[in-house]
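Residues per chain, in single letters:
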Amino acid sequence: TSVCVGEPLSVAECLAEYKRLLVAHSFAAAKESTPGSLGIFSLAEAQHLTEFMTGSLFQHYVLYQSVLICPHEMDETRTEVVVAQPRLPPALRRAVPRDRAVGASGRV
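### Digging into the packing of aromatic side chains
Going through the model one piece at a time under the given rule, you end up with 2 aromatic pairs. Relative to F58, the ring of Y18 has its centre 5.9 Å away and its plane inclined at 65 degrees; by these criteria the two rings are edge-to-face. Remark: F58 occurs in the loop between α3 (43-55) and α4 (61-68) and Y18 occurs in helix α1 (residues 11-24); sequence separation between them is 40 residues. Of the residues examined, F58 reaches a relative accessible area of 11% and is grouped as buried. By the ring-pair criterion, three or more aromatic residues cluster together here, those being Y18, F58 and Y61.

### A word on the pattern of salt bridges
Going through the model one piece at a time under the given rule, you end up with 2 salt bridges. The partner of E17 in a salt bridge is R20, with the nearest N and O atoms 2.7 Å apart. Of this pair, E17 and R20 both sit in helix α1, 3 residues apart, roughly one helical turn. On the basis of relative accessible area, R20 is assigned to the partly exposed category, the value being 48%.

### Overview of the nonpolar core
If you look at the biggest cluster of nonpolar residues, it comprises 7 residues: C14, Y18, L22, A46, M53, F58 and Y61. Looking at this core, the elements with two or more residues in it are α1 and α3. It is α1 that provides the largest number of residues to this core, a total of 3 residues. Aside from chain neighbours lying at most four places away, what touches F58 is V11, C14, L15, Y18 and M53.

### Quick word on the environment of E45
In this structure, E45 sits in helix α3. The exposure class assigned to E45 is partly exposed, which follows from its relative accessible area of 38%. For the pair E45 and S26, spaced 19 residues apart in the sequence, the C-alpha separation amounts to 9.1 Å.

### Some thoughts on a nonpolar patch on the surface
Taken together, L63, Y64, V67 and L68 make up a surface patch of nonpolar side chains, about 400 Å² in accessible area. Assignment of secondary structure puts L63 in helix α4.

### Points about the confidence of the model for the protein
For the protein, the mean per-residue pLDDT works out to 79, and 75% of the residues sit at or above 70. By mean pLDDT, helix α2 (residues 27-31) is the weakest element of the protein at 64, and α3 is the strongest at 89.

Analysis parameters
Residues numbered from 1 in each chain as written. Predicted model: local features only at pLDDT ≥ 70, side-chain atom pairs only at ≥ 80, totals over all residues. Heavy atoms only, no water. Phe/Tyr/Trp six-rings, centres within 6.5 Å; stacked < 30°, edge-to-face > 60°. Helix = DSSP H or I, 4+ residues; strand = E, 2+ residues; numbered from the N terminus. Buried < 20%, exposed > 50% of the residue type's maximum accessible area, 1.4 Å probe, protein only. Salt bridge = Lys/Arg side-chain N within 4 Å of Asp/Glu carboxyl O. Core = buried A, V, L, I, M, F, W, Y, C linked by side-chain atoms within 4.5 Å. Contact = heavy atoms within 4.5 Å. Patch = residues over 30% accessible without salt bridge, like charges linked within 9 Å, V, L, I, M, F, W, Y side chains within 5 Å. Areas by Shrake-Rupley, 256 points an atom, 1.4 Å probe, with all protein chains shown as cover. pLDDT = per-residue confidence, 0-100.

Structure below.
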């Protein structure tokens, strides 16, 4: 069993935190001299990021949460497989061109 990583937030809580951080790092927050604001994203960029996040991460949020945050039991099974070594191919110097190999019946 692995240790939990992160906080198990609901989709609504995670989306609210995403919006809070996005607004905090927008140009508008930087103009208002908000402490800790980086002023990275324009309004158009924030809209594109939100469209991407709602269409990818938040659409599959429960799946990501169950894989990344919730602990899982690990079951590892190892199996040894023995494979027979294949025969060597015939020597090419003994090969016959196809047009000379055709017999009277027309088959190779």
